[in-house]
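Commentary on secondary and tertiary structure
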Amino acid sequence: MGQYVPKLEVVKIYVSYSKICNGLGLFAKNKIKKNEIIFRFDGKIVYQDYTNVSMPYALQLDFNKYLIPKGIYKYVNHSCSPNSYVKLINNKLYLIALRDIEKDEEICYNYNTSEFDMGIDAFECLCKSPNCYKIIKGFKYLPLEEKIKLKPYLLSYLKRYLSEEINAVLFLSYGNKKV
Ligand SMILES: [Zn+2]
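All of the points below concern the structure found in this document.

The rules behind each value
Residues numbered from 1 in each chain as written. Predicted model: local features only at pLDDT ≥ 70, side-chain atom pairs only at ≥ 80, totals over all residues. Helix = DSSP H or I, 4+ residues; strand = E, 2+ residues; numbered from the N terminus. Rg over C-alpha atoms; globule rule 2.2 N^0.38 Å. Buried ≥ 20, exposed ≤ 12 C-beta atoms within 10 Å, placed from the backbone. Pairing = 2+ DSSP bridges. Axes fitted to C-alpha atoms, helices over the stretch in contact; angles between N-to-C directions. Core = buried A, V, L, I, M, F, W, Y, C linked by C-beta atoms within 7 Å. Contact = placed C-beta atoms within 7 Å.

**A word on the overall build of the chain**
Each helix and strand counted, the chain has 3 helices and 12 strands in total. Against the globule reference of 16 Å for 179 residues, the chain gives a C-alpha radius of gyration of 18 Å, in line with a compact fold. Along the first, second and third principal axes, the C-alpha set of the chain runs to 75 × 35 × 30 Å. Looking at the chain residue by residue over its 179 residues, the buried ones come to 28%.

If you want it as structure tokens, here you go:
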């Protein structure tokens, strides 16, 4: 009967061998414009602490809350110079283009904008970008100035954590001046 309407992700992305790490990655089927939704992550939400459990595909949404992506979504890789970012809207997680993405370009985001502490899943980054962090361990471990740079792209729980950290630093420096 009706015309077959492919799912959004089938239209925009495909899986192939990653150019930035060993394994698979996601690539743009066609040009994707800045600010465009690339896809909505499909998966299961779990409430537990995975810091010391190996869950390499789990995506952190809050403290003790993760999304375990289903299907091809788990292949989105990390880059220290990403072309996309994750955004939580009404408890659904989306991947959004940070800039225009060319056809056949690998789609990646900065894991430090979603993961607080990657624990035993910390890894050595092979992205080769000039600002590469080298070891990806999670937001917690970044220097404060790096955390502030990432602010527009952070999930809201990390934005809250960052403002608390900034307040603590301001409080300390104010305290030092008074001494
Ligand atoms: Zn890197």
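**A short note on the sheet that holds strand S5 (residues 59–62)**
With respect to topology, 3 strands assemble into an open sheet ordered S4-S6-S5, the strand pairing being antiparallel. With partners counted over all chains shown, the strands left at the sheet margins are strand S4 (43–46) and S5, one partner each. For this sheet the average axis-to-axis angle between neighbouring strands, irrespective of direction, equals 25°. Across 4 bridges, the pairing between S4 and strand S6 (residues 65–69) is antiparallel. Counted as the bridge partner of Val46 is Tyr66 from S6.

**Considerations on the nonpolar core**
As a rule of thumb, soluble globular proteins bury nonpolar side chains together. If you look at the biggest cluster of nonpolar residues, it comprises 29 residues, and the most contacted ones within it are Ile13, Ile38, Leu59, Val76, Leu95 and Ile107. Where this core is concerned, the elements lending two or more residues are strand S2 (24–28), strand S3 (37–40), S5, S6, strand S9 (92–97) and strand S10 (106–109). Excluding anything up to four places from it in sequence, Ile38 contacts Lys12, Ile13, Ile32, Ser84, Leu95, Ile96, Ala97 and Ile107.

**Description of the environment of Lys134**
Locating Lys134 in the fold gives a position in the loop between strand S11 (123–124) and strand S12 (135–136). The exposed category is assigned to Lys134, around which 10 C-beta atoms lie within 10 Å. It is 5.7 Å that separates the C-alpha atoms of Lys134 and Glu124, two residues lying 10 residues apart in sequence. With near-sequence residues (within four places) excluded, Lys134 lies in contact with Glu124 and Cys125.

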